Amino acid sequence: MCSFCSIKCWFIFFNTVFLASGVALITIGALQYSTYSQIGTFAGSGLSKIAIVLIAVGVTITLVSLLGHFGAFLNKSTMISCFICILIIIILLEIFTGAAFYIFRSRTALLQMNSDINAQARTVVNEYSPKDRHAVNRIQEKFSCCGADSYTDWTKSVGWKNHDAVPDSCCPEKREGCGHDKDNAHKKGCIAAIKLFLLKNLVWVGGVCIALGITEVFGVLVGVCLCLDIKRKNYENVD
């Protein structure tokens, strides 16, 4: 009985950590959605889906965790078994995803992505169309940058008519008309700032995936033990 309670407590502890990670991913994805959408407008539509993926993964983790919680509280071995199977599938998907990232991390793929981001950002700044202006200005404000490669991009922009100034969103302290003083504008281009942001996020996501992977393996082992204990207990009650 003591052993059963101990295994059950460990399983609930694991599941609580798992649930918290799912909720955290949903929260981060929701909070970062507007940022990634603006980055998508500025540097490529594919990047805007990152937040959606984070939310989808968070929802999946949360639902699987709740299944495990219900199984543990109701002492249902079938629910625990479903939880274990789904968790094993998630682990396998993570392994395949990691392998895919490893395969596509080749220099050619990275250069292609790099080239796509550069081309999109330069086009958006050059055109500065009304539908993209809000996103461009928000990116420049958020990342303290100006233009695609540098603030001088605005002197060649077709959509930006005042080539003797830059948008006010380039200013360290935004105020109306501050863009006329180009010397005080941010000099760093937004391409470099966005790539640094994505790199930091990639490292963070990699760390979270490793931590989740270790937690999931532990969860499968404890889940199997709990499932066997519940079945053993049911057999003893029948006898």
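Residues numbered from 1 in each chain as written. Predicted model: local features only at pLDDT ≥ 70, side-chain atom pairs only at ≥ 80, totals over all residues. Heavy atoms only, no water.

1. Some remarks on the side chain of serine 65
Part 1 of the reasoning: Structurally, serine 65 is set in helix α2 (residues 50-74).
Part 2 of the reasoning: By relative accessible area, which is 0% here, serine 65 ends up buried.
Part 3 of the reasoning: Those residues within four positions of serine 65 in sequence are excluded, and the remaining contacts are Asn15, Phe18, Leu19 and Phe83. (Helix = DSSP H or I, 4+ residues; strand = E, 2+ residues; numbered from the N terminus. Buried < 20%, exposed > 50% of the residue type's maximum accessible area, 1.4 Å probe, protein only. Contact = heavy atoms within 4.5 Å.)

2. Observations concerning the confidence of the model for the protein chain
Part 1 of the reasoning: The predicted model of the protein chain averages 80 in pLDDT, with 85% of residues at 70 or higher.
Part 2 of the reasoning: Confidence, read as mean pLDDT per element, is least for helix α4 (residues 107-127) in the protein chain (73) and greatest for helix α5 (residues 130-142) (88). (pLDDT = per-residue confidence, 0-100.)

3. Observations concerning the packing of aromatic side chains
Part 1 of the reasoning: Throughout the structure, instances matching the rule amount to 11 aromatic pairs.
Part 2 of the reasoning: Judged by centre distance (5.3 Å) and plane angle (75 degrees), the ring pair of phenylalanine 11 and phenylalanine 83 falls under edge-to-face. With a gap of 72 residues between them, phenylalanine 11 in helix α1 (residues 2-43) and phenylalanine 83 in helix α3 (residues 77-103) connect regions that are remote in the sequence.
Part 3 of the reasoning: Overall, phenylalanine 11 belongs to the buried group, its relative accessible area being 0%.
Part 4 of the reasoning: Ring geometry for tryptophan 154 against tryptophan 160: centres 5.9 Å apart, planes inclined by 70 degrees, an arrangement best described as edge-to-face.
Part 5 of the reasoning: For tryptophan 154, a relative accessible area of 0% corresponds to the buried category.
Part 6 of the reasoning: The class of tryptophan 160 is buried, set by a relative accessible area of 18%.
Part 7 of the reasoning: Joined through ring pairs, the aromatic side chains of Trp10, Phe11, Phe13, Phe14, Phe18, Phe83 and Phe218 make up one cluster. (Phe/Tyr/Trp six-rings, centres within 6.5 Å; stacked < 30°, edge-to-face > 60°.)

4. Structural notes on unusual backbone geometry
Part 1 of the reasoning: Of note in this structure, tyrosine 128 is not a glycine but carries a positive phi near 45 degrees.
Part 2 of the reasoning: Looking at the secondary structure, you find tyrosine 128 in the loop between α4 and α5.
Part 3 of the reasoning: Tyrosine 128 gets classed as buried once you look at its relative accessible area, which sits at 6%.
Part 4 of the reasoning: At serine 144, a residue that is not glycine, the phi angle is positive and equals roughly 50 degrees.
Part 5 of the reasoning: Structurally, serine 144 is set in the loop between α5 and α6 (190-238).

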